Amino acid sequence: MLTLLGYPGTGSALAEAFLTLANISYERHDVDYSVESKEKHYLKSLNPLVQVPTLVFPDQSVLTESLAIALYAQSKHPELELILHEDMNFWRWILIINTSIYPTFCYGDSPEKWCTPLEGRKQLRMTTDQYRNELWSQLEMQCGHPYFLGEKSCAIDYYIYVMSHWRPRQEWFLQNCPKLSRVIQLLDAHPQLQDIWDENFGEERLIELEDEEEEVDL
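A brief report on the enclosed structure follows. Please read these numbers as outputs of a predicted model, since none were measured by experiment.

Cut-off values and rules
- Residues numbered from 1 in each chain as written.
- Predicted model: local features only at pLDDT ≥ 70, side-chain atom pairs only at ≥ 80, totals over all residues.
- Heavy atoms only, no water.
- Helix = DSSP H or I, 4+ residues; strand = E, 2+ residues; numbered from the N terminus.
- Expected span 1.5 Å × (residues − 1).
- Buried < 20%, exposed > 50% of the residue type's maximum accessible area, 1.4 Å probe, protein only.
- Contact = heavy atoms within 4.5 Å.
- Phe/Tyr/Trp six-rings, centres within 6.5 Å; stacked < 30°, edge-to-face > 60°.
- Lys NZ or Arg CZ within 6 Å of the ring centre and 35° of its normal.
- Salt bridge = Lys/Arg side-chain N within 4 Å of Asp/Glu carboxyl O.

**What to know about helix H5 (residues 118-142)**
Helix length check: H5, at 25 residues, gives a terminal C-alpha distance of 37 Å against a target of 36 Å (1.5 Å per residue), a fit within 8%. Within H5, the full set of buried residues consists of Arg121, Leu124, Arg125, Thr128, Asp129, Arg132, Leu135, Trp136, Leu139 and Glu140. Considering only its buried residues, H5 is in contact with helix H4 (88-108), helix H6 (155-163), helix H7 (170-176) and helix H8 (178-188).

Okay, structure coming up:
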């Protein structure tokens, strides 16, 4: 049995979705990496970045990064087509999501880690939020129908869905990125993933995430 170190509402939801779609059994252990604990120290011993998802195999080998976990899932279930190896457009946009959009949360979610003056923290949160919205608008212009790359869903669509639950949230997508919003709605109804979506992004969990954002010490 694989062990997935994760936390509800975070990027570990991507790993859960990929593993589930590939019919790979796992146990999720929740680690709140925002507070000091034995669980956090254990996570750090496996992943120096102290990030989830972190996937632990029975032989204690470790795999991190949601895209790497998607590659692993596809290696066990090739017909999934989460990863389109020969499609350069796929690699272009999946890497933009991972290297440009995703990091805006790393910096904007915890501006106190990077800026000492209060005004600097507010500026970092504002500029990373603004830059993220601009990047989402670029994806909107490239979005196909009904999924991002056309007829079939791929890993890109799952990133869009999971990240739509974070700032600026789904209402913004509905108003500003209708094509991406359509992708979000399609995956929201995915019958195989309802339990995962509910546990990570159910109404109570979303309220909790919003409260946590309001408490950020800018």
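**Quick notes on the packing of aromatic side chains**
One pass over the structure, following the stated rule, counts 13 aromatic pairs. Between Tyr107 and Trp114 the ring centres are 5.0 Å apart and the planes differ by 70°, which places this aromatic pair in the edge-to-face class. For Tyr107, a relative accessible area of 39% gives the class partly exposed. Residue Trp114 is classed as partly exposed on the basis of its relative accessible area, which comes to 48%. In textbook terms, an aromatic cluster arises when at least three aromatic residues are bridged by ring pairs, as seen for Phe18, Tyr158 and Tyr159. Sitting over the ring of Phe105, Arg132 keeps its end group 3.8 Å from the ring centre.

**Considering the side chain of Ser12**
Position of Ser12 relative to the elements: it lies in helix H1 (residues 12-21). Overall, the relative accessible area of 0% leaves Ser12 in the buried class. In this structure Ser12 touches Leu4, Leu5, Gly6, Tyr7, Val52 and Pro53, once residues within four positions along its chain are discounted.

**What to know about the pattern of salt bridges**
All chains considered together, the criterion is met by 8 salt bridges. A salt bridge links Lys152 to Glu81, with the nearest nitrogen and oxygen atoms 3.6 Å apart. Taken together, the residues Lys152 in the loop between H5 and H6 and Glu81 in the loop between helix H3 (66-76) and H4 connect sequence positions 71 residues apart. Assessed through its relative accessible area of 59%, Lys152 is described here as exposed.

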